[in-house]
Every structure is written in C-alpha cells, then in structure tokens.
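Residues per chain are reported as follows:
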Amino acid sequence: MAPPPLPPVTRRLVGLLLLFSGGLLGVGLLLKVAVSVYSWNTAGAQSPSALLLSVNLVGLLASGLLMRWGLRLRRGHGSARNPNADEIL
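Right, let's walk through the structure included here. All values reported here derive from a predicted model rather than from experimental measurement.

Here is what the cut-offs are and how they apply
- Residues numbered from 1 in each chain as written.
- Predicted model: local features only at pLDDT ≥ 70, side-chain atom pairs only at ≥ 80, totals over all residues.
- Heavy atoms only, no water.
- Helix = DSSP H or I, 4+ residues; strand = E, 2+ residues; numbered from the N terminus.
- Buried < 20%, exposed > 50% of the residue type's maximum accessible area, 1.4 Å probe, protein only.
- Contact = heavy atoms within 4.5 Å.
- Areas by Shrake-Rupley, 256 points an atom, 1.4 Å probe, with all protein chains shown as cover.
- Expected span 1.5 Å × (residues − 1).
- Axes fitted to C-alpha atoms, helices over the stretch in contact; angles between N-to-C directions.
- Parallel < 35°, antiparallel > 145°, perpendicular 65-115°, else oblique.
- Left-handed = near helix turned anticlockwise from the far one by under 90°.
- Nonpolar A, V, L, I, M, F, W, Y, C, P; charged D, E, K, R; others polar.
- Patch = residues over 30% accessible without salt bridge, like charges linked within 9 Å, V, L, I, M, F, W, Y side chains within 5 Å.
- Salt bridge = Lys/Arg side-chain N within 4 Å of Asp/Glu carboxyl O.

Quick look at the overall build of the chain now. In terms of helices and strands, the chain carries three helices and zero strands. In sequence order, the secondary structure elements of the chain are arranged as α-α-α. Looking at the chain as a whole, 19% of its 89 residues qualify as buried. The contacts in the chain between residues at least 6 apart in sequence include a share of 70% that link residues at least 24 apart. Of the roughly 7,000 Å² of accessible surface on the chain, a fraction of 70% belongs to carbon and sulfur atoms.

Spelled out as structure tokens, the structure:
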C-alpha cells in the first residue's frame, strides 16, 4: 500500500532542502574536480587525486539530479505523463 502524498507545505520544504543540499554538493564537488584537474596537469594521469576525477564527475551528476528532484517537488509536478496521449515529445 502506497503512503499518502505529502501536504503541499511539506513538499515545498522538502524540495527546498533538496535544492540546497544538491547545490552545496555541487559546489564542493566542483572544487574537488578543480583540484583533480590541476593535479592531472602537474603530476600526470597516475596521481591519486586525478584518478578520482571520474568519481567526482558522477557525483556532480548526482547533485544535478538532486536539484532537479527538488525543483519538481517545489513546483508540484508529481503526475506522470500519459503514455497513451497523442502528442509529440
């Protein structure tokens, strides 16, 4: 059985917190990516922090998805698209 949907005020608060956390995560990971790129340029591809560059980039993707989820909660677009609708995507 699915839980009942959240009230609109709670949805907006949760959306704001998701936006805030995604933004902070993105800023932190951007700084880590900058350090990794700098170490890549100075020490080469074998440096330990440069090898974590791909992990940090995946984290940036996750922060973007957190912010997108937060925006959807803030705006209230919770309904799914009708797959049988005759429309151009």
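That was the structure; now back to the text.
Turning our attention to helix α1 (residues 8-43). At 3.6 residues per turn, the α-helix brings residues three or four places apart onto the same side. With 36 residues, α1 should reach 52 Å at 1.5 Å per residue; the first-to-last C-alpha distance of 51 Å fits that figure. Listed as buried for α1 are Gly 15, Leu 18, Leu 19, Gly 22, Gly 26, Leu 29, Val 33, Ser 36 and Ser 39. In the stretch just after α1, Gly 44 is the one whose phi turns positive, near 100°.

All right, on to the side chain of Asn 56 then. Among the structural elements, Asn 56 can be located in helix α3 (residues 53-75). Taking relative accessible area as the criterion, Asn 56 reaches 6% and is therefore assigned buried. If near-sequence neighbours (up to four positions away) are discounted, Asn 56 is found in contact with Leu 29, Lys 32, Val 33 and Ser 36.

Glancing now at α3. The end-to-end C-alpha distance of α3 is 33 Å, a good match for the 33 Å that 23 residues give at a rise of 1.5 Å each. Every buried residue belonging to α3 is among Leu 53, Asn 56, Gly 59, Ser 63, Gly 70 and Leu 73, and all of these are buried. Of the residues one or two after α3, Gly 76 is the one with positive phi, at around 85°.

This brings us to the packing of α1 against α3. Two elements in contact, α1 and α3, have axes separated by 7 Å at closest approach and are oriented at 160°. The pairing of α1 with α3 is recorded here as roughly antiparallel in orientation. Helix-helix and strand crossings are classified by hand; for α1 and α3 the assignment is left-handed. In terms of residue class, the contact of α1 with α3 is made up of 17 nonpolar, ten polar and five charged.

A few words now on a nonpolar patch on the surface. Where nonpolar side chains cluster on the molecular surface, the patch consists of Leu 13, Leu 16 and Leu 17 and spans about 290 Å² of accessible area. Mapped onto the elements, Leu 13 comes out in helix α1.

What follows is about the environment of Leu 18. In this structure, Leu 18 sits in helix α1. Sequence-wise, Leu 18 and Gly 70 are 52 residues apart; in three dimensions their C-alpha atoms are separated by 4.8 Å. With sequence-adjacent residues up to four places away left out, Leu 18 is seen in contact with Leu 66, Met 67, Trp 69, Gly 70 and Leu 73.

Function cannot be read off these values alone, since they describe shape.
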